[in-house]
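# Structure at a glance
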Amino acid sequence: MDINTYIIKGSEIKQGKNKGKAPLRFSFFYNGLRINIGADERALVKAWDISGQKVSRKDPDGVEINKRILKKKGLLIEAVQELEKKDVEPNQKNIKDLYQIRVDEVFKNLRSVARPLKKEPIKLPTTFWEVVEHYRNNSKNSKETIRKFKQVEKHLKDYNPKIDFKDFTEDFYNDYFLGYLVDVPICDNTIDKHIAEIKKICTYAITRFNHIPIPKDFLDFKRMYQNPFRLSLSWEEVKKIEEFVPLHEELVLAQDLFLISCYTGLRWQNVSKIKDYNIVEADGSYHFQGITFKNSRSIQFILSPKVVKILNRYKNNIPKSYNSDINKDIQKIARAAGLKDLVSFTKLYNGKPKVITCEKWQKVTMHVGRHSFARRFLEMNKAEGALALQSLKELLGHSSAVITEIYLKLGDDKKNKMLLSAIE
């Protein structure tokens, strides 16, 4: 028995809570007789799907109405089958009467006319992640746009799951886009998209919710297409950080992770995820073996006794931590260790170069440990020439020697001294 469901257009309710809704009706043929029975349901006319004979999601009650319609169709079929078993000729009246009895039993005599949702006080989002959720649910974006933003969301949560609008400052820009994402296996074009997506959320918050303060300088940032400032520490400065005794326990992990990076050249993603299976003992010494997160290259090298001692404190299993938190703790250590020399670097703001000067500790992050390792390695093996560069490339897990050559670039002070010595 094929039961059709249709909506009675032209009978929409014009006023009141159920404005725009019309009744639904079942219709089918039995022995050539057309039977019409009201479904005791109302739905928005604009939400009715004629071909699918169901209510679309344009009606907030659509899902529940469809469930009840399906159940009532089953009750209608059962009513016809029961009359046939009793050898009673089904007709409009007795089918309707028996169907109504069954509906009343199942739905406990309650009318199942769709009622409007109870209005609840609107809760405005206040945090960055609440705005993200609001943006996802209310903005008209394609599936591809949502997919791209999920990638941005994943990396941002790995960086700092508690990040909020107040954190979107110049330091965040430099630390996240020019530091953290440099070690993530994505290209520069994708980093541009990360910037655009986060700025899009900020703009969405400004236009929708005027109670959320957002640092204006972040919205004014544009991608900086010049070589980023690459700070590296001298080995004496690394020793100062190593010899510093943290007063607070939470600084110990930051100090240990930074020193591991200085003594191995590992990226943050590898250092922070060291597990016991990465440490292998062979011929009386310990080796690290793993895969780089940047480009999935295999790396393996011997570990110094200092690194082995640090890892033993954690039983070769580094606890979970977040890059932004560790970087803040490293800067506290670097400041307390006396890394207060002034450093200058040039940044492009809206296409205009600007010289920035600050104390060195302010720019010390996990990635500086990797740069410091590369600098020390080349200084100690400069007699090896090209062989040293090739070895460093393999240790750092670079896919090309061109990337490794970045570490050969000299600072302005070094270049000036070489110039003066050459012309004396």
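As shown above, the structure is provided for reference.
Now for a look at the structure at hand. Here the structure is a predicted model, which means the values were calculated and not measured. Note on numbering: residues in each chain are counted from 1, in written sequence order. Per-residue local features of the predicted model are confined to residues with pLDDT of at least 70, and side-chain atom pairs are confined, for both listing and counting, to 80 or more; whole-chain, interface and lining totals are unaffected and use all residues. For the side-chain quantities, the full set of heavy atoms in the structure was used; hydrogens and water were omitted.

## Concerning the overall build of the protein chain
Put simply, the rule reads: Secondary structure elements are taken from DSSP: a helix is a run of H or I of four residues or more, a strand is a run of E of two residues or more, and numbering for both begins at the N terminus. Only protein chains enter the area calculation, which uses a 1.4 Å probe; residues under 20% of their type maximum are buried, those over 50% are exposed, and those in between are partly exposed. Only heavy atoms enter the contact rule, under which two residues are in contact if any of them lie within 4.5 Å. Surface exposure here means Shrake-Rupley accessible area, sampled with a 1.4 Å probe, where a residue is shielded only by the protein chains that are shown.
A count of helices and strands for the protein chain gives 16 helices and ten strands. Within the span of the protein chain, comprising 424 residues, buried residues form 44% of the whole. Once local pairs closer than 6 in sequence are excluded, the contacts in the protein chain between residues at least 24 apart make up 61%. A total accessible area of about 24800 Å² is found for the protein chain, and carbon and sulfur atoms account for 53% of it.

## Regarding the pairing of strand β2 (residues 21-30)
This is how it is decided: Strand pairing is assigned whenever DSSP detects at least two bridges linking the two strands.
Most of β2 is tucked away, with eight of its ten residues classed as buried. Pairing geometry for β2 and strand β3 (residues 33-44), over nine bridges, is antiparallel. Bridge pairing links Tyr30 to Leu33 in β3.

## Side note on the sheet that holds strand β6 (residues 279-282)
The test is simple: For helices, the fitted line uses only the C-alpha atoms of the stretch in contact; every axis is such a line through C-alpha atoms, and the angle between N-to-C directions lies from 0 to 180 degrees.
Spatially, β6-β7-β8 is the arrangement adopted by the three strands of the open sheet, whose pairing is antiparallel. Of all strands in the sheet, those with a lone pairing partner are β6 and β8 (298-302), marking the two edges. Going from strand to strand, the sheet's axes swing by 25° on average, the running direction of each strand aside. Pairing between strand β7 (residues 285-291) and β8: five bridges, direction antiparallel. In the strand pairing of β8, Phe288 is matched with Phe301.

## Remarks on the pattern of salt bridges
Note the following rule: Basic side-chain nitrogens of Lys or Arg form a salt bridge, by our definition, when they fall within 4 Å of a carboxyl oxygen of Asp or Glu.
Under the criterion given, the structure shown has 20 salt bridges. Across the pair Lys93 and Asp97 runs a salt bridge, and its minimum N-O distance is 3.1 Å. Of this pair, Lys93 and Asp97 both sit in helix α2 (residues 92-106), four residues apart, which is roughly one turn of the helix. Glu237 is paired through a salt bridge with Lys360; the nearest N and O atoms lie 2.8 Å apart. Here Glu237 is found in helix α8 (residues 235-243), whereas its partner Lys360 is found in the loop between β10 (352-359) and α13 (366-380), with 123 residues between them in sequence. According to the relative accessible area criterion, Glu237 is buried, its value standing at 10%.

## Some details on the side chain of Asn160
Along the polypeptide, Asn160 turns up in the loop between α4 (143-159) and α5 (170-180). For Asn160, a relative accessible area of 9% translates into the label buried. Among all residues touching Asn160, those that are not within four sequence positions of it are Trp129 and Ser324.

## Description of the packing of aromatic side chains
As a reminder of what qualifies: Only Phe, Tyr and Trp rings are paired, with Trp represented by its six-membered ring, and only when their centres lie within 6.5 Å; those with planes under 30 degrees apart are stacked, over 60 edge-to-face, the remainder tilted.
This model, assessed by the stated rule, comprises eight aromatic pairs. Taking 5.1 Å as the distance between ring centres and 80° as the angle between the ring planes, the aromatic pair formed by Tyr135 and Tyr204 counts as edge-to-face. Of this pair, Tyr135 sits in helix α3 (residues 128-138) while Tyr204 is found in helix α6 (residues 188-208), placing the two residues 69 residues apart along the sequence. On the accessibility criterion, Tyr135 (5% relative accessible area) is buried.

## Structural notes on the nonpolar core
Here is the rule: In plain words, nonpolar cores are sets of buried Ala, Val, Leu, Ile, Met, Phe, Trp, Tyr and Cys residues tied together by side-chain atoms within 4.5 Å.
With 72 residues, the main nonpolar core has Phe128, Phe165, Phe172, Tyr176, Phe177, Ile241 and Phe258 as its most contacted residues. In terms of residue count, helix α9 (residues 250-264) provides more of this core than any other element does, nine residues in total. Other than its neighbours up to four places away in sequence, Phe128 contacts Leu156, Ile163, Asp164, Phe165, Phe168 and Ile201.

## Focus on the side chain of Ser261
Within the secondary structure, Ser261 is located in helix α9. Judged by relative accessible area, Ser261 falls into the buried class, the value being 0%. Setting aside its immediate chain neighbours within four residues, Ser261 contacts Leu266, Val271, Met366, Gly369, Arg370 and Phe373.

## Quick word on the environment of Ile212
As for its position among the elements, Ile212 is in the loop between α6 and α7 (216-220). For the pair Ile212 and Val131, spaced 81 residues apart in sequence, the C-alpha separation works out to 9.8 Å.

## What to know about the pairing of β8
In β8, alternate side chains face the same way, and those of Ile299 and Phe301 are buried while those of Ser298, Gln300 and Ile302 on the opposite face are not. What sits between β7 and β8 in their antiparallel hairpin is a turn of six residues, with Ser296 showing a positive phi close to 60°.

## Some details on the packing of helix α1 (residues 62-85) against α2
What counts, and what does not: Should an angle lie under 35 degrees it is considered roughly parallel, over 145 roughly antiparallel, and from 65 to 115 roughly perpendicular; all remaining angles are considered oblique. By definition, turning the near helix anticlockwise from the far helix through less than a right angle yields a left-handed crossing, and turning it clockwise yields a right-handed one. Three categories are distinguished: nonpolar for Ala, Val, Leu, Ile, Met, Phe, Trp, Tyr, Cys and Pro, charged for Asp, Glu, Lys and Arg, and polar for the others, with Gly belonging to the last.
Remark: α1 packs on α2, axes separated minimally by 9 Å, with the N-to-C direction vectors making an angle of 130°. When the axis of α1 is compared with that of α2, the two are oblique. Here α1 runs over α2; the crossing is right-handed. Contact with α1, carried on its side by Lys71, Lys72, Leu75, Leu76, Glu78, Ala79, Val80, Glu82 and Leu83, involves Asn94, Ile95, Leu98, Tyr99, Arg102, Val103 and Val106 of α2 and no other residues of that element. Here the contact of α1 with α2 is built from residues that sort into ten nonpolar, one polar and five charged.

## Quick word on the packing of α9 against helix α12 (residues 323-336)
α12 packs onto α9 with a crossing angle of 90° between their chain directions and a minimal axis gap of 9 Å. Judged on the interaxial angle alone, α12 and α9 are roughly perpendicular. Touching Glu250, Leu251, Leu253, Ala254, Gln255, Leu257 and Phe258 of α9 are Ile326, Asp329, Ile330, Lys332 and Ile333, all from α12. The residue makeup of the contact of α9 with α12, split by class, is eight nonpolar, one polar and three charged.

## Section: unusual backbone geometry
Despite not being glycine, Gln53 has its phi angle at roughly 50°, a positive value. Mapped onto the elements, Gln53 comes out in the loop between β4 (48-49) and β5 (54-55). The phi dihedral of Asn316 falls on the positive side, at around 60°, and the residue is not glycine. A relative accessible area of 18% places Asn316 in the buried class.

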